Amino acid sequence: MKNGLEKIYAEIPRRYELANHIMTLGFDRLWRRRAAAIAVEGGGRRWLDICSGTGEMAVYLRKLAPNETSVYATDFSMPMLSRARRKSEAEEIGFSISDVSFLPFADSTFELVTCSFAMRNLNRSRKDLLHTLREVRRVLEVGGRFVNLETSRPENALIRFAFDAYARLFVKPIGTAITGSRAGYGYLAGSIPRFYGAGELDDLMLEAGYRGVASKRLMLGAAAVHLAVR
Ligand SMILES: C[S@@+](CC[C@H](N)C(=O)[O-])C[C@H]1O[C@@H](n2cnc3c(N)ncnc32)[C@H](O)[C@@H]1O
């Protein structure tokens, strides 16, 4: 699927952010800001945003970072990162191309790693996701924080049904109409109901060796911010 995903992310960068803002009625921005605010609470001198895409989270981190803090962003999609590099804050962000399964950083490099709306992509299997969570933990300093923002599974069955219906009926057609990528938004919409609930993802983080795991559900559980400490 890696090549399939890279192909999808080569098709959508130009209108990716617009599609997100329309599909979530602007909530994705609020959620990223909220996650960024939680993320930076721990401070530190080296912060990394993985699966950074067009760099929205990395830009929030850069805006919130003290001058002496270096912000890095990595993704395996050159077309997505090219959009990120056009942003005015990009000059002060260190970009790299990498697959998050094997991050090109030494152990214990960062005090903070963030990830937004990408964990579903890394969920090819439970085993793969655990491997990636451990890889992120490896590059964190002891005491460093991993903050993950992702769509989630509402606990209430009725809300979950409505949320899945929205994903099925709107995400694919709206995403396709805006970006022109039917395959891309078919995949992205389909990955929403297959993902974990907030409690299940907390448990997976604990299994990957993190401590201090906590999550905050957003908009009735449609999304969640997870905090996990190495
Ligand atoms: C849905 S986008 C999210 C982008 C950005 N974080 C955001 O909040 O909008 C998912 C991103 O994850 C990247 N990605 C998916 N799998 C990856 C992997 N194994 N290694 C690195 N990047 C990956 C894709 O290229 C894409 O840019």
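One structure accompanies this document, and this report is about it. (Residues numbered from 1 in each chain as written. Predicted model: local features only at pLDDT ≥ 70, side-chain atom pairs only at ≥ 80, totals over all residues.)

Looking at the sheet that holds strand β3 (residues 93-97)
Adjacent strands of a sheet pair through backbone hydrogen bonds, lying either parallel or antiparallel.
Move 1: Read across the open sheet, the seven strands follow the order β3-β2-β1-β4-β5-β7-β6; overall the sheet is mixed. Every interior strand has two partners, whereas the edge strands, β3 and β6 (211-218), have only one. On average, each strand axis in the sheet is inclined to that of its neighbour by 15°, with strand direction left out of account.
Move 2: Sheet topology note: the strand β1 (residues 46-50)/strand β4 (residues 110-116) ladder contains four bridges and is parallel. By the bridge assignment for β4, L48 is matched with V113. (Pairing = 2+ DSSP bridges. Helix = DSSP H or I, 4+ residues; strand = E, 2+ residues; numbered from the N terminus. Axes fitted to C-alpha atoms, helices over the stretch in contact; angles between N-to-C directions.)

Side note on helix α6 (residues 126-139)
Move 1: In a regular helix each residue adds 1.5 Å, so 14 residues correspond to 20 Å; α6 covers 21 Å between its end C-alpha atoms and thus fits that length.
Move 2: All of the buried residues along α6 are T132, L133, V136, R137 and V139.
Move 3: Buried residues along α6 sit in contact with β1, β4, β5 (140-151) and α9 (198-207). (Expected span 1.5 Å × (residues − 1). Buried ≥ 20, exposed ≤ 12 C-beta atoms within 10 Å, placed from the backbone. Contact = placed C-beta atoms within 7 Å.)

Some remarks on α9
Move 1: A198, L201, L204 and M205 are the residues of α9 that are buried. Summarising the axial view, the buried residues of α9 lie within an arc of 120°, below the 170-degree limit, and thus occupy one face.
Move 2: Residues of α9 that are buried in the fold lie against α6, β6 and β7 (223-229). (Arc of directions from axis to C-beta.)

Some thoughts on the site of the ligand
Move 1: Of all residues adjacent to the ligand, which total 19 residues, the nearest are C51, G53, F76, S77 and S116.
Move 2: Those elements giving two or more residues to the shell around the ligand turn out to be α1 (2-11) and α4 (56-64).
Move 3: Residues belonging to the shell around the ligand are distributed by class as follows: 10 nonpolar, six polar and three charged. (Near = placed C-beta within 6 Å. Nonpolar A, V, L, I, M, F, W, Y, C, P; charged D, E, K, R; others polar.)

Side note on the nonpolar core
Move 1: W47, A58, L61 and V113 are the most contacted members of the largest nonpolar core, which totals 62 residues.
Move 2: Among residues more than four places away in sequence, those in contact with V113 are L48, I50, V136, V139, L140 and F146. (Core = buried A, V, L, I, M, F, W, Y, C linked by C-beta atoms within 7 Å.)

So, the packing of helix α3 (residues 27-40) against α4
Move 1: Interaxial distance between α3 and α4 falls to 10 Å at its minimum, and their mutual angle equals 50°. On the basis of the axis angle, α3 is oblique to α4. Both α3 and α4 take part in a crossing whose hand is right-handed. Between α3 and α4, the contacting residues are R32, R33, A36, A39 and V40 on the first element and E56, M57, Y60, L61 and L64 on the second.
Move 2: Broken down by class, the residue content of the contact of α3 with α4 amounts to seven nonpolar, no polar and three charged. (Parallel < 35°, antiparallel > 145°, perpendicular 65-115°, else oblique. Left-handed = near helix turned anticlockwise from the far one by under 90°.)

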